[in-house]
Amino acid sequence: MGVRGLQGFVGSACPHTRTAVNFKELAELHRNQHPGCAPTVVVDAMCCLRYWYTPESWVCGGQWREYFAALRDFVKAFTTVGIKLVFFFDGMVEQGKRAVWVRRRLKNNQEIARIFHYIKSHREQPGRNMFFLPSGLAIFTRFALKTLGQETLCSLQEADYEVASYGLQHNCLGILGEDTDYLIYDTCPYFSISELCLDSLDTVMLCREKLCESLELSLADLPLLACLLGNDTVPEGLFESFRFQCLSSYTSARKNSDKRGNVILAVADHISKVLRLHQGEKKLEEMLPLGQNKALFYKGVASYLLPGQTSPWIFQKPIGITTLGKQIVSVSTDPEFKPESLVCTHPESKEETPVCTHPETEQEDPMNVEPEMKQQVTMVSDTEILKVARAQHVQAESYLVYGVMTSGEIECSNTLEDALDQALPSQAFVYRPMRQRVYSLLLGAGGGGASGGPVVREWFVHSGNPLRHPDLVRPLPMNVPGGHTLPGGPARFYRSGPVPPRKITWAAYGLTGCWPGWCVSRHSSACARKEPLQSTDMMLEHVEPRAVQLDSLLVRDLSMLVLVNSACGFPWSSSDFMPWNVFDGKLFHEKYLQSDRGYTAEVLVEQDRSRLTRFHDLKSIVCKACVREDRHIVSRQHWRPHHSGRWERQGSGSHRTNSGHSRSGRRQHWRDQGPGSRQCEPGWWRRHSPSSGHPDEKGKQQPISLSP
C-alpha cells in the first residue's frame, strides 16, 4: 500500500517529519479552535486490523470474544476523551488496481504455505513474526463496530481516497492508519496506528508539510512524486530508468539514506529544479518518458486530487469516466484520448457480460464525493433496488450484494488453507453453490439453460489459482420448500413492494439448505460457548493442520450466512451468526483433538444436556442433507495422515486417496479445476467435488466419514 519506499525513507532520512502527539491534548485544542464541532478521527480500518487483533491464538480460526473485547476497549479509549470515530472499510477493488490485489494475494499464499509447514514440523502455532489475520476478520469487524454503536462505512472505490475526502470535508482532527498515501493527499493530519499507545493515547503524527520542506517541494508536487516513485496505480517498474537517470545526475546524496532513500531525494530534486523550470512552457508528457502510459500516469496523479482540488501539473479539465457503479477519474492532455469501452469482456472469451446502462438516481452521497448525476453501468437496471443496495453497502450493513448488482464481480481474499492437503476442498468451492443461488436471487437465473443468463466474475483465492482472470460463474435456480420456484425478477427481496416476511425466511432457508452438509466437521460440538477467560487459559496439546483449515472453513461459513441474510432482505438478526456469539477457535480445536482421541459426544459437550440436544439436532440435519445429496455416512473411524497426503483407516486395507473421482469415473480432482475462463455450469461443483466420493473396484461409491 502507498508509495514505494516512502515509509522507510520517512523513518530513516526524515525523522523530523514524525512528531509525538497525544490525542487527548489534540482534541482539547480542536474544541477550542472549533467550538461546537466534535473532534473526529477517521479510521482506515483495513490498516488497523493487525493492531486490533491482540488475542494470543490466531491460527485456530480466531479468538472472537477476546477480539470483540479488544475493539470495545479501543472505542472506549477514544470516546472517553470526547473523540468521535468514523471507520472506513474497503468495499470495492478498482479495476486499475486489480493487479496489485492479485500480487498481494499470491504473496499471502506463500506466507500461508510457510505457516502450515511450521505447524506440521512443530505441531504448534508459529510466532507473531508469522502472524496472519484470521479468515473473515475484516468482514466481521464491520459488524462488531456497528454493534458497538460506531459509524462504520464501506467504500464505493479505493478506501484511502474516501478516508482522505471525509477527513478534509468534515474538518476532522485527523486520519488514523498506516498508509503513506495519506502523506500525499492534501487533507487533515495523518497519525500512525502502529505507534499508538492505547492507554495514554500517545502516537506519532507524520507531517506532510515537513516532508515537503525536506524535499524542497510544495504540497501540490507530492502526487507527481508518488507516481514517479510508483504506487498502486502506477507500477514501480514504469519509471525505473527515469529514476536511475535522476540518481545518476544527483550530486547531494545523503549519507544517512540508503539507495532507495537517495532515489526519492533525486526524483524530488529533479521535480524542483528541472520539471518546475519548464512548467507551463511544456506539457508534462514532453518532459517525462510517458509514452503509451500517458493516460495511466495522469490518472495516477488525478487519483490524489480530492473534491475541489486541482493540480498545477494537469492543464486540462479532468475527463469523468463512470464505470461499474463508481466514479473513476481519468485525465489526459491529449484531446484524442478516448476512454475504454464500458462493456466488460472476459480476456479469453468473446462473450460480453450483460450490463445495463442508466443514469444513477439522484441522492445525497454519504461521503459527499461527486454527488452530481453520473452514468452508471450495472447488472441490475432497477434504480430503486440499486438505491437500497447502495445505501446498505455504504453503511456496511450488507456483504458482497452491491458488487454483484453493479459490476457483477466479487472477490474473497486468502483463507488459511493447506495447499498440500488434498482431502479438503477450498472454501471457494465449498460455498460456490450457495453463492450461485444468491446470484439467481439478485440477478435472475436466465432462461437459456447453462449458456444463458448473467455471469458473475469471481476472484476467489484458492490453491492452484494464479488469479490471471476470474472464474465465470452462472446463477443456479433456487426452489423454496414445497417445490415452488422462487418468485422471478432480479433482486426480488430488495424491492419495497409487499414481500411476506415468511417467504423471505423460506428463501433464506432455501439458500442455506443448499449448504453442502458434507463439509461440516464431525466435531460439531466445538461451537459450545465459553467465556473468553476460559478459552484464553486453555492449553492445546498440539495444533493439528487439518483442524486449522476446518476452523477457517467454519468462519467462512458464517460470512456466507451474512451474504444470504443480506440478499434476502435481512430476515434474521445478524447477531445470530456473528463469530463472537457462536464460535471459539481454540475451543473448537480442543474439541477436535478430543474427538480424534475417541471422546464420546456426552464428554465433548461436558455433560450439558442442552448442548447434547443441539449437537444431535445438528447431526440429524447434516445426515438428512447427505441423504438428499446421495452421500453416505459411516460410523466414526480413526484416520491417520500419511506423508503422501492420504488418509488411511486403521486396521483396514482400503484408503481414501487425494485424487477425487467423479461418479462417471473420470479422475479429476477439485483442485485440478483451473480458474481459467471456464464457465461453471449447474452441478459442476458437485460433479468435481471430493465429497462425491469415488467408485470402488465394482463401481460402487465409497462412503465418506462425516460424524463421530
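The structure contained in this document is the topic of the report that follows. Just so you know, these numbers come straight off a predicted model, no measurement behind them.

Bringing the overall build of the chain into the picture now. For the chain, the count of helices and strands is 26 helices and 22 strands. Counting over 708 residues, the chain shows a buried share of 56%. Taking the contacts inside the chain whose residues are at least 6 apart along the sequence as the reference set, 72% of them involve residues at least 24 apart. When the accessible surface of the chain is split by element, carbon and sulfur atoms take 51% of a total near 30100 Å².

Looking now at the pattern of salt bridges. Between side chains of opposite charge, pairing is possible as soon as their charged atoms come close. What the rule picks out here adds up to 22 salt bridges. A salt bridge links Lys84 to Glu151; its shortest N-O distance comes to 3.3 Å. Separated by 67 residues along the polypeptide, Lys84 in strand β3 (residues 84-89) and Glu151 in strand β4 (residues 151-154) bring together distant segments of the chain. What makes Glu151 partly exposed here is its relative accessible area of 29%. Here Arg432 ties to Asp471 by a salt bridge, and the two come within 2.6 Å at their closest N and O atoms. Here the residue Arg432 occupies a position in helix α18 (residues 432-443), and Asp471 occupies one in strand β14 (residues 471-473), the gap between them amounting to 39 residues. Both residues of the pair, Arg432 and Asp471, belong to the buried class. Salt bridges sharing partners connect three or more residues here, namely Arg98, Glu409, Glu411 and Arg457.

Turning to helix α4 (residues 64-79), a few remarks are in order. Taking 1.5 Å of rise per residue, the 16 residues of α4 would be expected to cover 22 Å, and the 22 Å separating its terminal C-alpha atoms lies within 8% of that figure. Considered for burial, the residues of α4 that qualify are Trp64, Glu66, Tyr67, Phe68, Ala70, Leu71, Phe74, Val75, Ala77 and Phe78.

Another point: helix α9 (residues 208-215). For α9, every residue scored as buried is listed here: Arg208, Leu211, Cys212, Ser214 and Leu215. Angular distribution of buried residues about the axis of α9 spans 160 degrees; they occupy a single face of the element. Of the surrounding secondary structure, the elements contacted by the buried residues of α9 are α1 (6-12), α8 (181-184), β6 (190-192), β7 (202-206), α10 (222-229) and α12 (259-275). With its phi angle positive at about 60 degrees, Glu216 sits one or two positions after the end of α9.

Quick notes on the rules
Residues numbered from 1 in each chain as written. Predicted model: local features only at pLDDT ≥ 70, side-chain atom pairs only at ≥ 80, totals over all residues. Heavy atoms only, no water. Helix = DSSP H or I, 4+ residues; strand = E, 2+ residues; numbered from the N terminus. Buried < 20%, exposed > 50% of the residue type's maximum accessible area, 1.4 Å probe, protein only. Contact = heavy atoms within 4.5 Å. Areas by Shrake-Rupley, 256 points an atom, 1.4 Å probe, with all protein chains shown as cover. Salt bridge = Lys/Arg side-chain N within 4 Å of Asp/Glu carboxyl O. Expected span 1.5 Å × (residues − 1). Arc of directions from axis to C-beta.

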